[in-house]
Amino acid sequence: MANGSDTPAAGGRRIVISVDAMGGDRGPAAVVAGMLASAAKNPEIAFIVHGDEAELARLIGKRKGLSGRCEIRHAPRTVMMSDKPSQVMRHGEGTSMWSCLESVRNGEATVAVSCGNTGALMALSMIRLRKLPGVNRPAIACLWPSRNPGGFNLMLDVGADVKADAEDLLQFATMGASYARNGLHLDRPRVGLLNVGTEEHKGRAELKQAHDQIAAAAHSGDFDFVGFVEGGDIPGDRVDVIVTDGFTGNIALKTGEGTARLISELLRLAFNATFLSRIAALLALTSLRRLQKRIDPRRQNGGVFLGLNGTVVKSHGSADATGVSAAIKLAFQLARSGFQDRLAARVASAGRAGQDVAADRAMIGASE
């Protein structure tokens, strides 16, 4: 049953997604419901599901749409949200998260999906899958609502590692462009480097170095480098991929989420303030629902771990069936596009371009 091929069902084979069913806040019932929704829309998907065998067999057995499309792998333990990554690294064997990653490591599945502890998932992913050759630090990429026609921009890193030097930022740019090409279907993504201003003389030394290296790698990486961008460009239409370090990216992400919640609460209060405002809310109901659907984080759920020997999609821990289905859909799209092989090739190409720029800088420094 398990098959890690990227060949579509038309060729007689399915794309297999490895799913950690136990790590989310809502338990395996929400995960299985999300799998069912994905399976109904994508007949090419099959699953290897990891967790408590008896519970999963009961939940999956009730859903005819999953019949013949799931293989259950029993895992007696679960990584809890409160577990420290260092502890999981040492004692994670036997958990559903460990088992989920093993299926990708062994080539049985193409992508792993988990709603579990983010730090533990990254730590185990680095141990079990290892980094791509030439990658110093993996990154977490997330989608951000924007004015672009597709409705979203991509930002990375948003928390895999708080540090990033010029070489890391170059790799983030290359990986982000590859993700945008395969996940957002952009032929030539526009990449920007987040800074305190758009002028080339602004920013820390490593940002200026990264600016030159990314510019040099743009041609071989098949992306357009727009230079430095500011915080206001994150939801804008000037750029498709925003590159930054994990410290800055995570703060921006959490600030954006908090601001979105505040705006939602203020709108709710405003529309409930008076009788007339409640009537106005009814008149605007269709538009409000359209807006809610566009910015609903459940429908664009899934942070992708980039830079590993295997693709991992991290779903929100609180994801319901809609959120889990969206994460699986993203995993399926990346697997079907052959994303992992293309990403490895892009990283290798960018590494050569970055070495050329570094050599040029060294020669200039020696001559001065």
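Residues numbered from 1 in each chain as written. Predicted model: local features only at pLDDT ≥ 70, side-chain atom pairs only at ≥ 80, totals over all residues. Heavy atoms only, no water.

Novice: So what exactly am I meant to see when it comes to the overall build of the protein here?
Specialist: Counting its secondary structure elements, the protein contains 12 helices and 11 strands. Buried residues in the protein amount to 49% of all 368 residues. Here the protein has roughly 17100 Å² of accessible surface; of this, 54% comes from carbon and sulfur atoms. (Helix = DSSP H or I, 4+ residues; strand = E, 2+ residues; numbered from the N terminus. Buried < 20%, exposed > 50% of the residue type's maximum accessible area, 1.4 Å probe, protein only. Areas by Shrake-Rupley, 256 points an atom, 1.4 Å probe, with all protein chains shown as cover.)

Novice: Please clarify how the side chain of Asn153 should be interpreted in this entry.
Specialist: Checked against the element boundaries, Asn153 lands in strand S6 (residues 152-156). From its side chain, Asn153 meets the backbone oxygen of Ile234 in a polar contact 2.8 Å long. With residues near it in sequence (within four places) discarded, Asn153 still touches Cys142, Leu143, Trp144, Ser146, Asn148, Asp233, Ile234, Pro235, Gly236, Val239, Asp240 and Ile242. (Polar contact = N/O pair within 3.5 Å; in protein donor to acceptor, adjacent residues only side chain to side chain. Contact = heavy atoms within 4.5 Å.)

Novice: Would you mind going over the sheet that holds strand S1 (residues 15-20) with me for this structure?
Specialist: Strand pairs in the sheet, formed through backbone hydrogen bonds, run parallel or antiparallel to each other. What the 11 strands build is an open sheet, ordered S3-S2-S1-S4-S11-S10-S5-S6-S9-S7-S8; its pairing is mixed. A strand with exactly one partner marks an edge of an open sheet, and here the two such strands are strand S3 (70-74) and strand S8 (224-229). Adjacent strand axes in the sheet meet at a mean angle of 25° when their direction is disregarded. Two elements, strand S5 (residues 139-145) and strand S10 (residues 303-306), share three bridges in a ladder whose sense is antiparallel. (Pairing = 2+ DSSP bridges. Axes fitted to C-alpha atoms, helices over the stretch in contact; angles between N-to-C directions.)

Novice: Just to check I follow, could you spell out the pattern of salt bridges for this structure?
Specialist: Any two side chains of opposite charge can pair, given that their charged atoms come close. According to the stated counting rule, one finds 13 salt bridges in the structure shown. Measuring nitrogen to oxygen at the nearest pair gives 2.7 Å for the salt bridge that ties Arg188 to Asp224. With Arg188 in the loop between helix H6 (166-183) and strand S7 (190-194) and Asp224 in strand S8, this residue pair connects regions lying 36 residues apart in the sequence. Under the relative-accessibility criterion, Arg188 is labelled partly exposed at 37%. Here Asp224 falls in the partly exposed class, since its relative accessible area comes to 33%. The salt bridge involving Asp245 is made with Arg204; its shortest N-O contact spans 3.7 Å. On the criterion of sequence distance, the pair formed by Asp245 in the loop between strand S9 (241-243) and helix H8 (246-271) and Arg204 in the loop between S7 and helix H7 (205-221) is long-range, its members being 41 residues apart. Residue Arg204 is classed as partly exposed on the basis of its relative accessible area, which comes to 43%. When salt bridges with common partners are traced through the structure, they connect Glu71, Arg73 and Glu108 into a single cluster. (Salt bridge = Lys/Arg side-chain N within 4 Å of Asp/Glu carboxyl O.)

Novice: Honestly, H8 in this entry has me stumped. Any pointers?
Specialist: Residues three or four positions apart in an α-helix share a direction because the helix packs 3.6 residues into each turn. Between its terminal C-alpha atoms H8 stretches 37 Å, which fits the 38 Å expected from 26 residues at 1.5 Å a residue. Residues of H8 that are buried include every one of Gly246, Gly249, Ala252 and Leu253, and no others. Check the buried side of H8 and you find it contacts S5 and S6. In this structure Asp245 caps H8, since a side-chain oxygen of it lies 3.1 Å from the backbone nitrogen of Phe247. (Expected span 1.5 Å × (residues − 1).)

Novice: I would appreciate a short explanation of the pairing of strand S4 (residues 111-114) in the present structure.
Specialist: Each regular strand shows side chains that alternate between the opposite faces of the sheet. Both faces of S4 are covered, namely the face carrying Val111 and Val113 and the face carrying Ala112 and Ser114. The pairing of S1 with S4 spans four bridges and is parallel. Note on S4: the bridge partner recorded for Ser18 is Ala112. As defined by bridge partners, S4 adjoins strand S11 (residues 311-314) across four bridges and the pair is classed as parallel. Residue pairing across strands places Ser114 opposite Lys314, the latter belonging to S11.

By themselves, these are just geometric observations and shouldn't be taken as functional.
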